[in-house]
Structure formats: C-alpha cells, structure tokens
Amino acid sequence: MTTKTFDIQVIKTTISTRAGAHIVSDKLSARAIDLQGFGQLGYELISTIKLEGEGFVTLVDTFQRPSD
C-alpha cells in the first residue's frame, strides 16, 4: 500500500468591518499576492472559510501540495 503525504499551509486574513476602504483594499491586495505565490509554488487551494465576528471578518485559506 502506498501512502501519500501532503504539505499543508494556511493563510489567515482578518479585516475589521470598521476599517476604511483603503485599508480593506490593501489587505485584500496583499492576500491576493500571497495566494498567487502559493499557486506558483505548486500548492492547490483546497478550502476558504469565512468567519464573522463582531467587528471583523476572517478569511482562512488552506493549501496543499504533495510532499517530496
């Protein structure tokens, strides 16, 4: 039986719902760059979870790629 292992990475982005538009835009732009970088390293996005609390939204992205 063959066992396959994966390298898992998680990126968490938290944004205040009270933040100005330029701050939200900057955080989302940085997140996009992070997501693109993981894609270029061979990672596959397997899930994005949106968590909402009082005064904030958190996006949790999970990536995986086969380990060597």
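Residues numbered from 1 in each chain as written. Predicted model: local features only at pLDDT ≥ 70, side-chain atom pairs only at ≥ 80, totals over all residues. Heavy atoms only, no water.

## Examining the sheet that holds strand E1 (residues 6-16)
Thinking step 1. In spatial order, the strands read E1-E3-E2; together these 3 strands make up an open sheet with antiparallel pairing. On the outer flanks of this sheet lie E1 and strand E2 (44-53), each paired with one strand and no other. Ignoring strand direction, the axes of neighbouring strands in this sheet form an average angle of 15°.
Thinking step 2. Across 11 bridges, the pairing between E1 and strand E3 (residues 56-66) is antiparallel. Bridging across to E3, Phe6 finds its partner in Pro66.
Thinking step 3. The sheet contacts of helix H1 (residues 21-40) involve E1, E2 and E3, and relative to E1 the element is tilted by about 175°. (Pairing = 2+ DSSP bridges. Helix = DSSP H or I, 4+ residues; strand = E, 2+ residues; numbered from the N terminus. Axes fitted to C-alpha atoms, helices over the stretch in contact; angles between N-to-C directions. Contact = heavy atoms within 4.5 Å.)

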